[in-house]
Amino acid sequence: MGNRISIVMPTRNRASLLRRALVGVQDQTVWDTEIVVVDDASTDGTLAMLASEFPHVKVVRHRFSRGPSAARNSGVAATTGDWIFFHDDDDL
């Protein structure tokens, strides 16, 4: 088993909180990570913010809101890491 960590972050209409959470994750010292943000049908510019400020983040988009559990499941399905860590969009 390897040491790659996948961080799954569900969000919906909380772009400013998500931005802070992503900056916090990027400041960590773990080297081999991937970040998967699952946008659960946001309408507040979340996708544009991700594309312009965090182009290295893998984004999974739900066209219709399916709730946090479905967002986490979609995120897990998109990961490639050996370990999965759930990180909410309002965590610092």
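Refer to the structure presented above.
Note that the structure is a prediction, hence the values are computed from the model and not measured.

S.K.: Please give an account of unusual backbone geometry that cites residues and values.
M.R.: Unusually for a residue other than glycine, asparagine 13 sits at a positive phi of about 55°. Locating asparagine 13 in the fold gives a position in the loop between β1 (5-11) and α1 (15-26). Residue asparagine 13 is classed as partly exposed on the basis of its relative accessible area of 30%. The residue alanine 41 is not glycine, and still its phi comes out positive at about 65°. Positionally, alanine 41 belongs in the loop between β2 (33-40) and α2 (46-53).

S.K.: Now, about the environment of glycine 81: what can you tell me, with residues and values included?
M.R.: Its place among the elements puts glycine 81 in the loop between α3 (68-77) and β4 (83-86). Relative accessible area serves as the criterion here: at 23%, glycine 81 is assigned to the partly exposed category. C-alpha of glycine 81 to C-alpha of glycine 2: the two residues are 79 residues apart in sequence and 8.1 Å apart in space. With residues up to four places along the chain from it excluded, the contact list for glycine 81 reads Arg4, Ser6 and Glu34.

Definitions and cut-offs
Residues numbered from 1 in each chain as written. Predicted model: local features only at pLDDT ≥ 70, side-chain atom pairs only at ≥ 80, totals over all residues. Heavy atoms only, no water. Helix = DSSP H or I, 4+ residues; strand = E, 2+ residues; numbered from the N terminus. Buried < 20%, exposed > 50% of the residue type's maximum accessible area, 1.4 Å probe, protein only. Contact = heavy atoms within 4.5 Å.

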